[in-house]
Every structure is written in structure tokens, then in C-alpha cells.
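Notes for the structure review
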Amino acid sequence: MSSSATVRTARRRTLRIAAAALVAAAGLTLTACSGSDAAAKSAGHTSSAAAKSAASGRSGTQSSDGKQSPVAEIGTKSVAEGEQSGGAQSVRARTGSPVRTQTLVDGSTAKVYDLGSQRYRAEIVSDGSVVATMETTGQDADAGLDANGMYVVLTMGGEVHSWMGGEHQGPGTFQLAGGWKAKVTKVGELRYRAQIIGFEGVAATLETKGHDVGVDANGVYIVLSAGGVISAHK
């Protein structure tokens, strides 16, 4: 090979090496720029997300797709439901347990529940079963019951009184305990009316409307049954 050919070959090799070096350098520069841009974009996104989170006051609730997470709402709702549940449980606690348990004259038990506003309910329990229920209306009215010859009065104050005997079958006029007199008349099917008469005339009137009724007449307890039987006890 001649010396001129050798020189040309060497120059071509030198040019190829220089070109390769330039390409490599350009690639490194592009990679560095790309990484820098990505980092800048990531930092910008993070700063934006943090700013939005701080502005909304719900740090940590922003998801990666930019949608608001419902965690805050669920948490708030759970607290509210817990408070409501606690309130409901408090009401049930006041009305679900008897405020008084009392043994009646025939050996059965009266469980008295406070319903509020001068309203009480008494469950008559015998051999573990509720055999009768009484409830005051809260409208200046006691409740009465003729339980197969045992008479029970539940007052507006939640007191229970029971006795046996002293009954009279209406219609008629009868002398009662405590100096009271009762004038019993029939006014319809299973409907009787009793005028409770004292020294100053009629002090109270009881009327059945398909169920027994009772009254606390100044410490004298009176029951008028739906069948017209009246009894009193002091």
C-alpha cells in the first residue's frame, strides 16, 4: 500500500472515532436533560398537590390520580353515627330496664318502666311470662286491671297497688273503702260507668271502653272492670 493510501485510511478512522465520540456525548447530554426535566416535573406536581392539599385542609386525602379521597367524609360520618347510636342507646337504657320491680299480692311480679311525661308501663309477669300489661296515658289518668280477682292500680307516679276481694258487680250503688260510694251504670257492650261519690258529690268518673280502668282517689285505689265489677282498697 502506498503512503498516500495509508494516510487516507488513518484520517477516515480518526473521523469515525470523533463522530462516535460526538454521538455519545450528545446522548449523555440528552439523558441528563431528560432526567432533569422529569425531576422538575415531578417536583412541580408534588408542590402542586401539596399546595392543593394545604388549601383544602385535608392533607393526605389527595390520591395520585388527582381525585379527592372520601376518607375524611367517612370518618366524619362515622363519628356522627356513633353519637346518634350513643343517644339511641341512652334512650333505650332509660326505657329498656324497669325502674321498679314489685311483688304483687298473688305472687306475680310487676315490672314498672318509665316512659316519660308521667307515663308508666307495668308488665305483670307470672312464671316467667308477661300475662298482662298496664300503661298510664299521662293525661291525668291512672290505670287499672282486674286480673282474675286480683285488682291492680298503676298510678301516674309509677306506683303499683294490688289487692284481692271487696268487689261488687254493677249496675248498682255500692259503698267503697275510705268512705267513697260508687254508682255503677251500664252504658253499652263491655262499657260501664262509675261515678265516685264523696261527701261533696261526684269526685271522679270512671268509664270502661272495652278495657279495665282504675284511679287513685286520695289514697284509695279503685278498679272498674270491663265486665262492670268494681273494687276498692285503702
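Parameters at a glance
Residues numbered from 1 in each chain as written. Predicted model: local features only at pLDDT ≥ 70, side-chain atom pairs only at ≥ 80, totals over all residues. Heavy atoms only, no water. Helix = DSSP H or I, 4+ residues; strand = E, 2+ residues; numbered from the N terminus. Contact = heavy atoms within 4.5 Å. Polar contact = N/O pair within 3.5 Å; in protein donor to acceptor, adjacent residues only side chain to side chain. Pairing = 2+ DSSP bridges. Axes fitted to C-alpha atoms, helices over the stretch in contact; angles between N-to-C directions. 1 Å grid on protein atoms, 1.4 Å probe; cavity = no way out; pocket = protein on both sides within 12 Å on 5 of 7 lines; lining within 4 Å. Points joined across faces, edges and corners; volume = space filled by probe spheres on them. Nonpolar A, V, L, I, M, F, W, Y, C, P; charged D, E, K, R; others polar. Salt bridge = Lys/Arg side-chain N within 4 Å of Asp/Glu carboxyl O. Buried < 20%, exposed > 50% of the residue type's maximum accessible area, 1.4 Å probe, protein only. pLDDT = per-residue confidence, 0-100.

1. Quick look at the environment of Arg100
Counting through the fold element by element, Arg100 comes out in strand S1 (residues 100-103). Between the C-alpha atom of Arg100 and that of Ala110, which follows or precedes it by 10 residues, the distance is 8.1 Å. Among residues more than four places away in sequence, those in contact with Arg100 are Ala110, Lys111, Val112, Gly158 and Glu159. Within polar-contact distance, the side chain of Arg100 engages the backbone oxygen of Gly158 at 2.4 Å.

2. Brief notes about the sheet that holds strand S3 (residues 119-126)
Read from one edge to the other, the open sheet built from four strands follows the order S1-S2-S3-S4, with strand pairing classed as antiparallel. This sheet does not close on itself; its edge strands, each paired only once, are S1 and strand S4 (129-135). In this sheet, neighbouring strand axes are inclined to one another by 25 degrees on average, regardless of whether the strands run parallel or antiparallel. Two strands pair when backbone bridges link them, and S1 and strand S2 (residues 109-116) are joined in this way by four bridges, in the antiparallel orientation. Across the sheet, residue Thr101 finds its bridge partner in S2, namely Lys111.

3. Examining the layout of surface pockets
Its volume calculated, the largest pocket comes out at about 320 Å³. Considering the residues around the largest pocket, the lining is formed by 18 residues, among which Asp142, Ala143, His211, Asp212 and Val213 are closest to the centre. Those elements that provide at least two residues to the lining of the largest pocket are S4, strand S5 (143-147), strand S12 (201-207) and strand S13 (213-217). In the lining of the largest pocket, the residues fall into six nonpolar, seven polar and five charged.

4. Side note on the pattern of salt bridges
Side chains that differ in sign of charge can pair as their charged atoms come close. Inspection of the entire model under this criterion finds four salt bridges. A salt bridge links Arg119 to Glu135; its shortest N-O distance comes to 2.3 Å. Highlighted residues: Arg119 in strand S3 and Glu135 in strand S4, separated in sequence by 16 residues. The exposure class of Arg119 is partly exposed, given its relative accessible area of 33%. Relative accessible area serves as the criterion here: at 35%, Glu135 is assigned to the partly exposed category. With a closest N to O distance of 3.0 Å, Arg193 and Glu207 form a salt bridge.

5. Focus: the confidence of the model for the protein
Predicted confidence across the protein gives a mean pLDDT of 72, with 59% of residues reaching 70 or more. Counting contacts from residues 1-95, a segment whose pLDDT is below 50, to residues more than four positions away or on other chains yields 17 contacts.

6. Description of the side chain of Glu123
Locating Glu123 in the fold gives a position in strand S3. The contact partners of Glu123, leaving out residues within four places of it in the chain, are Thr109, Ala110, Lys111, Tyr113, Val130, Ala132 and Thr133.

7. Let's talk about the side chain of Thr155
Along the chain, Thr155 falls in the loop between strand S6 (150-154) and strand S7 (160-164). With near-sequence residues (within four places) excluded, Thr155 lies in contact with Tyr120, Thr136, Asp142, His161, Asp216 and Tyr221.

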